[in-house]
Structures are given as C-alpha cells and as structure tokens.
Amino acid sequence: MGLSHIATVAKHNLGLALARLGRVDEARKVEAEARAAFAAQGDVRLEAAARTYLALIELAAGDAAAAEREARGAVEMAAASPPLLAYALGTLARALLEAGRAQEALGEAGAAMKILGELGGIDEGEELVREAYADAVRAAG
C-alpha cells in the first residue's frame, strides 16, 4: 500500500514515547531505525527530527556526549526549518548543560529563543527551548 513513510513516522514517534516510559535502550534502537529510514527516503527534515529525538533519548540515558553529537547533527540538518531548528538548538543546549558547559548552552539556547521570538511559537519543543534557556541563564550566573 506504499505506507513505508507513514510507518517510519509512527516508529519515530514511538521512539520518544518509549524513552519517556524509561525504556531507553529500546527507544534508542527504534529511533535509530527511524532515522536511517528517513535518510534512505531522502527526508532531511524528518531525519533531523529523528536526530533531535535521539538526542533526547541519549539525555534520558545519561549520555550527554551522545546527545550533543545527535543534537549538533540535527542543528546542521534543520537549517531550512526554523521551528525544528529551534527545537534542535534547545536540545543541544540541554545536552551542553548536562555536560557542565553553561556558557555554550546559553549561546545555543539564546539562538533558539531568538527563533522562537521571530516565529511567535513552535508546534513541538517550545517548552524545552524555554526551559533550556532559563536553566542556561541560571547556570551561567
């Protein structure tokens, strides 16, 4: 029926849901499969979204370095989608905060907040962007 893209989107959403249930190993596997499928389909925007989710999953697993790698990849891929770019930048800021790099986190969170201000809001990740910015301001003193 040609539903492979829809199945991949469902898998993508399942990855983050599994992480929120504390099943991070399973979440990582499912989300990595979705990321690979989006890459194979040539869907750069959703591949960036999957990388953002993978970064959040890595944060849930306590691996700030892996979260930073995925978030940086998402930021690079999301340039053409300002809402997704803001989410990816906020996620990167969160990873940097977890790594104890408050000043860097503040820069990334500030960039995310600038996009958020220009857009007036985003569909997904707005609370993460705002929290990452507040936490970065606090951590940076």
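I will try to describe carefully the structure that is included in this document. (Residues numbered from 1 in each chain as written. Predicted model: local features only at pLDDT ≥ 70, side-chain atom pairs only at ≥ 80, totals over all residues. Heavy atoms only, no water.)

Any empty space left between atoms is shown by rolling a water-sized probe over those atoms. Each pocket or cavity is described by its volume, and for the largest pocket that value is around 250 Å³. Looking at the largest pocket, it is lined by 14 residues, and the ones nearest its centre are Arg45, Ala49, Leu84, Tyr87 and Glu124. Counting only elements with at least two residues in the lining of the largest pocket, the list comes to α1 (4–20), α3 (44–60) and α5 (82–98). The greatest single-element share of the lining of the largest pocket, amounting to five residues, is contributed by α3. (1 Å grid on protein atoms, 1.4 Å probe; cavity = no way out; pocket = protein on both sides within 12 Å on 5 of 7 lines; lining within 4 Å. Points joined across faces, edges and corners; volume = space filled by probe spheres on them. Helix = DSSP H or I, 4+ residues; strand = E, 2+ residues; numbered from the N terminus.)

What follows deals with the pattern of salt bridges. This model, assessed by the stated rule, comprises 15 salt bridges. The residue glutamate 70 makes a salt bridge to arginine 35 at a minimum N-O spacing of 3.2 Å. Linking glutamate 70 in helix α4 (residues 64–77) with arginine 35 in helix α2 (residues 24–41), this pair joins segments that are 35 residues apart in sequence. Owing to a relative accessible area of 15%, glutamate 70 belongs among the buried residues under this scheme. Residue class for arginine 35 comes out partly exposed when judged on its relative accessible area of 24%. Members of the salt-bridge network, linked through shared partners, are Glu68, Arg72, Arg101 and Glu104. (Salt bridge = Lys/Arg side-chain N within 4 Å of Asp/Glu carboxyl O. Buried < 20%, exposed > 50% of the residue type's maximum accessible area, 1.4 Å probe, protein only.)

A word on α2. The terminal C-alpha atoms of α2 lie 25 Å apart, and with 18 residues this matches the ideal 26 Å at 1.5 Å per residue to within 8%. If you check which residues of α2 are buried, you get Val24, Ala27, Val30, Glu31, Ala34 and Phe38. Buried residues in α2, looked at end-on, bunch into an arc of 125 degrees, giving them a common side. Summarising the geometry of α2, the exposed residues directed more than 90 degrees from the buried face are Asp25, Lys29 and Ala40. As for α2, its buried residues are in contact with α1 and α3. Positioned one or two residues after α2, glycine 42 has a phi angle of 75 degrees, which is positive. (Expected span 1.5 Å × (residues − 1). Arc of directions from axis to C-beta. Contact = heavy atoms within 4.5 Å.)

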